[in-house]
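Residue-level listing of the chains:
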Amino acid sequence: MVWATRFSGFFSAAMAVIVLSPSLQSFPPAAAIRSSPSPVYRKSPVVFNNGEECLSSDGGVCNPSLVHVAITLDVEYLRGSIAAVNSILQHSMCPESVFFHFILEETNHRLLESLVRWVFPGLKFNIYDFAPERVRGLISSSVRQALEQPLNYARNYLADLLEPCVNRVIYLDSDLVVVDDVAKLWRTSLVGSRVIGAPEYCHANFTRYFTRGFWSEERFSGAFRGRKPCYFNTGVMVIDLKKWRSGGYTKRIERWMEVQKSQRIYDLGSLPPFLLVFAGHVAPISHRWNQHGLGGDNVRGSCRDLHPGPVSLLHWSGSGKPWLRLDSKRPCPLDALWTPYDLYRHSL
Ligand SMILES: *[C@@H]1O[C@H](CO)[C@@H](O)[C@H](O)[C@H]1NC(C)=O
């Protein structure tokens, strides 16, 4: 049996090279294996050591002193997710106390699990399979194909996926880096006993997130009656999972996705249903925790500058991603702030 295990170990390592390296995906497997048997990512330089002031992080996922972070591992965005995790660990006073919840598609489970273990030895994490079928019937076409990926909708299912003892989670997109101690975001209080917290942008034109048809029909737009809805970005959210579960919010969001299937009420992907359910009921969090839009315009693609004020998190939301622009040798100036966290091995 030993040879079989060895063989399967070698095989999955070889497959990891193929699957995880976008540039190799078109190669036949044998050629890919010959060209590079080495992993595609470097080990993170993070030294896992909690400082003396940190509480014990032992005892598994239910330890109440842990900071819980949920992030998807989408093959297309993997380089971004790895950089995001790396950035969180590098800036944490208590890196051993951060527990990661990785959501991925089952077909990539084994490969990505071994990759994460290899890149981040000692990392505390769980992996959850997200079945695309769960949302496929609910997704309608959007302005950008990336927004239609099933894993983009996984944030709506965290309350079901994560262990019931996890009562709060920070959800993070894959196209961002945290440049401050994530524990500070974790400790933010959700004022007014709100279900979610996020930076709000009340100057943004809220009208444009929904279609004319939406605003002209009272049975839709009436959802905002009595509320002062503001735009917020769903790429950084602090979620009270206990309240989410008891309030049945997953279903509430799904109901709007069902409406969208029969009558187009918005053009973007997973964001508008969140706005419909939560806008106006969001606990505001400091803007420093989501300096968003660095990816540039959804349609034209262009460089953006930072919003004024302090920065704890940089978010390349929008169509451009720093790793793609860097690879194409046409980076935006702020993409240089992403590179220190990149663990992709360029020598391939
Ligand atoms: C907000 O957006 C809508 C729809 O795109 C547009 O008709 C309206 O003029 C905008 N309002 C402001 C104040 O820019």
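Presented here is an overview of the structure given in this document. (Residues numbered from 1 in each chain as written. Predicted model: local features only at pLDDT ≥ 70, side-chain atom pairs only at ≥ 80, totals over all residues. Heavy atoms only, no water.)

A few points about helix 12 (residues 271–278)
Note: α-helices contain 3.6 residues per turn, so residues at a spacing of three or four share the same orientation.
Okay, step 1: Across the 8 residues of helix 12, 8 count as buried, placing the element largely inside the fold.
Okay, step 2: For helix 12, the secondary structure elements touched by its buried residues are strand 6 (196–198), helix 8 (212–216), strand 8 (231–232), strand 9 (236–240), helix 10 (241–247) and helix 11 (249–262).
Okay, step 3: Where helix 12 ends, the next residue or the one after it, G280, has phi of about 95 degrees, a positive value. (Buried < 20%, exposed > 50% of the residue type's maximum accessible area, 1.4 Å probe, protein only. Helix = DSSP H or I, 4+ residues; strand = E, 2+ residues; numbered from the N terminus. Contact = heavy atoms within 4.5 Å.)

Some words on the state of the cysteines
Okay, step 1: One pass over the full model with this rule turns up 4 disulfides.
Okay, step 2: In this model, C62 is linked to C165 through a disulfide, with the two sulfur atoms separated by 2.1 Å. Between C62 and C165, the S-S dihedral sits near -85 degrees, and the bridge is therefore left-handed. With C62 in the loop between helix 2 (29–35) and strand 1 (67–72) and C165 in the loop between helix 6 (158–161) and strand 4 (168–172), this residue pair connects regions lying 103 residues apart in the sequence.
Okay, step 3: The exposure class of C62 is partly exposed, given its relative accessible area of 46%.
Okay, step 4: Here C202 engages in a disulfide with C230; their sulfurs sit 2.0 Å apart. Disulfide C202 to C230: torsion about the S-S bond roughly 100 degrees, handedness right-handed. Of this pair, C202 sits in the loop between strand 7 (200–201) and helix 8 while C230 sits in the loop between helix 9 (218–221) and strand 8; the two residues are 28 residues apart in sequence, bridging distant segments of the chain.
Okay, step 5: Taking relative accessible area as the criterion, C202 reaches 48% and is therefore assigned partly exposed.
Okay, step 6: Residue classification places C230 among the buried positions, given a relative accessible area of 9%.
Okay, step 7: Sequence-ordered numbering of the bonded cysteines in the protein gives a pairing of 1-3, 2-4, 5-6, 7-8. (Disulfide = S-S within 2.5 Å.)

Remarks on the sheet that holds strand 1
Okay, step 1: Spatial strand order, 3-2-1-4-9-6-10: 7 strands in an open sheet with mixed pairing. What marks the edges here is a single partner per strand, and that holds for strand 3 (124–129) and strand 10 (283–284).
Okay, step 2: Note that strand 1 and strand 2 (residues 98–104) share 6 bridges and pair parallel. Counterpart to H68 in the pairing with strand 2 is F99. (Pairing = 2+ DSSP bridges.)

Overview of the pairing of strand 9
Okay, step 1: Most of strand 9 is tucked away: 5 of the 5 residues are buried.
Okay, step 2: On strand 9, burial covers both faces: V236, V238 and D240 on one face and M237 and I239 on the other are all buried.
Okay, step 3: The sheet contact formed by strand 4 and strand 9 spans 5 bridges and is antiparallel. Opposite L172, over in strand 9, you have V236 as the bridge partner.
Okay, step 4: Relative to strand 9, strand 6 is paired through 2 bridges, and the arrangement is antiparallel. Counted as the bridge partner of G197 is V238 from strand 9.

As for the pattern of salt bridges
Okay, step 1: Tallied over the entire structure, the rule returns 14 salt bridges.
Okay, step 2: Between R325 and D335 there is a salt bridge whose closest N-O contact spans 2.8 Å. Highlighted residues: R325 in helix 13 (residues 322–327) and D335 in the segment after helix 13, separated in sequence by 10 residues.
Okay, step 3: Assessed through its relative accessible area of 12%, R325 is described here as buried.
Okay, step 4: Overall, D335 belongs to the buried group, its relative accessible area being 0%. (Salt bridge = Lys/Arg side-chain N within 4 Å of Asp/Glu carboxyl O.)

Quick look at the packing of aromatic side chains
Okay, step 1: Here the structure, examined in full by the defined rule, presents 24 aromatic pairs.
Okay, step 2: Centroid distance F210 to F214: 4.6 Å. Interplanar angle 25 degrees. Geometry classified as stacked.
Okay, step 3: Members of the aromatic cluster, joined through ring pairs, are Y201, F206, Y209, F210, F214, W215, F220, F224 and Y231.
Okay, step 4: Here the guanidinium or amino end of K43 rests over the ring plane of W118, the centre of that ring lying 4.3 Å away.
Okay, step 5: Looking at R252, its charged tip hangs above the ring of Y249, at a distance of 4.2 Å from the centre. (Phe/Tyr/Trp six-rings, centres within 6.5 Å; stacked < 30°, edge-to-face > 60°. Lys NZ or Arg CZ within 6 Å of the ring centre and 35° of its normal.)

Things to note about the side chain of N63
Okay, step 1: Looking at the element boundaries, N63 is found in the loop between helix 2 and strand 1.
Okay, step 2: Only 3.0 Å separates the side chain of N63 from the backbone oxygen of S56, close enough to count as a polar contact.
Okay, step 3: Residues in contact with N63, not counting those within four places in the same chain, are S56, S57 and D58. (Polar contact = N/O pair within 3.5 Å; in protein donor to acceptor, adjacent residues only side chain to side chain.)

Digging into the environment of P273
Okay, step 1: When you line up the elements, P273 lands in helix 12.
Okay, step 2: You can call P273 buried: its relative accessible area is 0%.
Okay, step 3: Note: C-alpha distance between P273 and W256 (17 residues apart in sequence) is 5.8 Å.
Okay, step 4: Among all residues touching P273, those that are not within four sequence positions of it are I253, W256, M257 and Y266.

Remember that the coordinates give geometry; whether it matters functionally is a separate question.
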